[in-house]
Amino acid sequence: MSEGTKVAPPVGLLAELTHRCPLGCPYCSNPLALEGRVDELDAAAWGRVFREADALGVLQVHLSGGEPASRRDLPQIVGHCAEAGLYSNLITSGIGLTEALVNNLADHGLDHVQLSIQDSEEASADHIGGYRGGHAKKLQVARWVVATGLPLTINAVIHRANVSRATAIVELAIALSARRVEVAHAQYYGWALANRAALMPPREEADAAWAAVEAMRGKLEGTIVIDHVAPDYHARTPKPCMGGWGQKTLNVTPSGKVLPCHAAETIPGLEFWTVKDHSLGDIWRNAPAFNAFRGIEWMAEPCRSCDRREIDFGGCRCQALALTGDARATDPACHLSPRHDVVEAIAKADSAPAIAPGLLLSRLRAGAGESVRRGFLDMPPRPRRSSTAN
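Residues numbered from 1 in each chain as written. Predicted model: local features only at pLDDT ≥ 70, side-chain atom pairs only at ≥ 80, totals over all residues. Heavy atoms only, no water.

So what exactly am I meant to see when it comes to the overall build of the chain here?
Within the chain, the secondary structure is distributed over 13 helices and 11 strands. Here the chain holds 390 residues, and the buried ones make up 56% of them. Of the contacts formed within the chain by residues at least 6 apart in sequence, a portion of 72% connects residues at least 24 apart. Carbon and sulfur atoms provide 53% of the accessible area of the chain, an area that totals close to 16100 Å². (Helix = DSSP H or I, 4+ residues; strand = E, 2+ residues; numbered from the N terminus. Buried < 20%, exposed > 50% of the residue type's maximum accessible area, 1.4 Å probe, protein only. Contact = heavy atoms within 4.5 Å. Areas by Shrake-Rupley, 256 points an atom, 1.4 Å probe, with all protein chains shown as cover.)

Sorry if this is basic, but what is going on with the nonpolar core here?
Note on soluble globular proteins: their nonpolar side chains tend to be buried together. Formed by 67 residues in total, the largest nonpolar core has its most connected members in L13, W46, F50, L63, I154, V252 and L280. If one sorts the elements of this core by residue count, helix 1 (residues 43-56) sits on top with seven residues. (Core = buried A, V, L, I, M, F, W, Y, C linked by side-chain atoms within 4.5 Å.)

Sorry, what's going on with helix 1 here?
What sets the pattern is the α-helix's 3.6 residues per turn: residues three or four places apart point alike. With 14 residues, helix 1 extends 20 Å from end C-alpha to end C-alpha; this agrees with the ideal 20 Å at 1.5 Å per step. Along helix 1, the residues that are buried comprise A43, A45, W46, G47, V49, F50, A53 and L56. As for helix 1, its buried residues are in contact with strand 1 (12-16), strand 2 (60-64), helix 2 (74-83), strand 8 (249-252) and helix 10 (280-286). Of the residues trailing helix 1, G57 is marked for its positive phi of about 120 degrees. (Expected span 1.5 Å × (residues − 1).)

Would you take a moment to explain the packing of aromatic side chains for this structure?
Here a ring pair, both rings aromatic, is described through the centre-centre distance and the interplanar angle of the planes. Per the counting criterion, the structure on display carries five aromatic pairs. When the centroid spacing of 5.3 Å and the interplanar angle of 80 degrees are considered together, the rings of F293 and W298 count as edge-to-face. Judged by its relative accessible area of 11%, W298 is buried. Joined through ring pairs, the aromatic side chains of W245, F293 and W298 make up one cluster. Positioned over the ring face of W284 is R294, at 4.7 Å from the centre of the ring. (Phe/Tyr/Trp six-rings, centres within 6.5 Å; stacked < 30°, edge-to-face > 60°. Lys NZ or Arg CZ within 6 Å of the ring centre and 35° of its normal.)

Is there a simple way to think about the state of the cysteines in this case?
Defined simply, a disulfide is a covalent bond joining two cysteines at their sulfur atoms. Counted according to the given criterion, the structure contains zero disulfides. With no disulfide partner, C21 has as its closest neighbouring cysteine sulfur the one in C25, 6.5 Å distant. Its sulfur unpaired, C318 is 3.6 Å from the next cysteine sulfur, which belongs to C261. (Disulfide = S-S within 2.5 Å.)

Any chance you could explain the pairing of strand 1 here in plain terms?
Across a regular strand the side chains alternate sides, sitting on one face of the sheet and then on the other. Most of strand 1 is tucked away: five of the five residues are buried. Burial along strand 1 is two-sided: G12, L14 and E16 and L13 and A15, pointing in opposite directions, are all buried. Bridge analysis of strand 1 against strand 8 gives four bridges, and the strand direction is parallel. In the strand pairing of strand 8, L14 is matched with N251. (Pairing = 2+ DSSP bridges.)

What exactly am I supposed to notice about the layout of surface pockets here?
Left-over empty space is what a probe sized like a water molecule reveals as it rolls over the atoms. As a volume, the second largest pocket reaches approximately 200 Å³. Y189, G190, L193, A263 and T266 are the residues nearest the centre of the second largest pocket, which is lined by 15 residues in total. Of all the elements in the fold, those that place two or more residues in the lining of the second largest pocket are helix 7 (190-194) and helix 12 (317-324). The biggest single contributor to the lining of the second largest pocket is helix 12, with three residues. (1 Å grid on protein atoms, 1.4 Å probe; cavity = no way out; pocket = protein on both sides within 12 Å on 5 of 7 lines; lining within 4 Å. Points joined across faces, edges and corners; volume = space filled by probe spheres on them.)

Please explain the pairing of strand 6 (residues 180-185) as it appears in this structure.
Where strand 5 (residues 152-158) lies against strand 6, six bridges are found, and the strand directions are parallel. The residue bridging N155 from the neighbouring strand is E182, located in strand 6. Chirality of the crossover, the property in question, places the unit of strand 5, helix 6 (residues 166-175) and strand 6 among those that are right-handed. In the sheet, strand 6 pairs with strand 7 (residues 225-229) via five bridges, with the strands oriented parallel. From the neighbouring strand, V183 faces strand 7, where its bridge partner is H228. (Right-handed = clockwise from strand over helix to strand, strands pointing away.)

Given below as structure tokens:
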């Protein structure tokens, strides 16, 4: 980005309150090296971040994790959002929430809840999340949320184990009185990248699920809003990751590092500033990591002369790095990329019906920075715990 170029303010902030989580979803977007509880910002620090976000021009904050309900001070954090005048969206697995806590969050000014589900079938859902009784708890949480009058969004990640039930997930969201459902084909970063061969469905199954959900959009207009995220490896053009690098959103990790996107730390050589040392406004405008891929001046061909250069901004920098070894390369998901053959080869190999899911990496609960391997199809989920994670 040219020196002196004015940077428009961000619209949204993703506040990763913790990396602790009771689930072990194999497609988790958190980094493989999780930040521990001891490094988490306290509620007062988050309050300062939200005030600075408001001054910067942010309109909405997504309270995420890990599982935000792992934090006992979650109502206070929500209250800080409300005091700063920011629209707050709780992104939750539902595990750790109680009816009293849901009501308390609403009383503290929470504006919206986005609840993840793993499948429409209970046994499969519990297995994918690695938590026995998790699906039933999620359905109960949905009822509690709706009873408060808060708007509810259901989110589901689509992969090999549930791709045949993508439309059933939409129907479940309607049954739960959700106003919106996000059906997102797995994005291969973090844990999902490590588990790609086990997660990627056969091309024909992904295409069938995509077409079926798209067909529901028109039929269900006025009943529920369907947000649909396409599978990258079967696309012709890349998505504008995060609306463009350093263009619309920023992520704050549990320890206070500020990132342009979830996976930005995978790119070597980037310098990330922290809210402990800099104001949010200073970071947004001046942090080296945010300016690394802003605008179009960093682009090489074919992106630099492409008509879509200010639409998709060359695609995802982290995906370009993961698949080509060069974060400045055209995202190979694009059919114009000279390395598009890499994506085609991976999609053909990893989504082949003959591939057995085998063993995959699964994050442990509580953000211990460790991982275990478990069978995707044949390992029973963990027993349900009786108390909220601390």
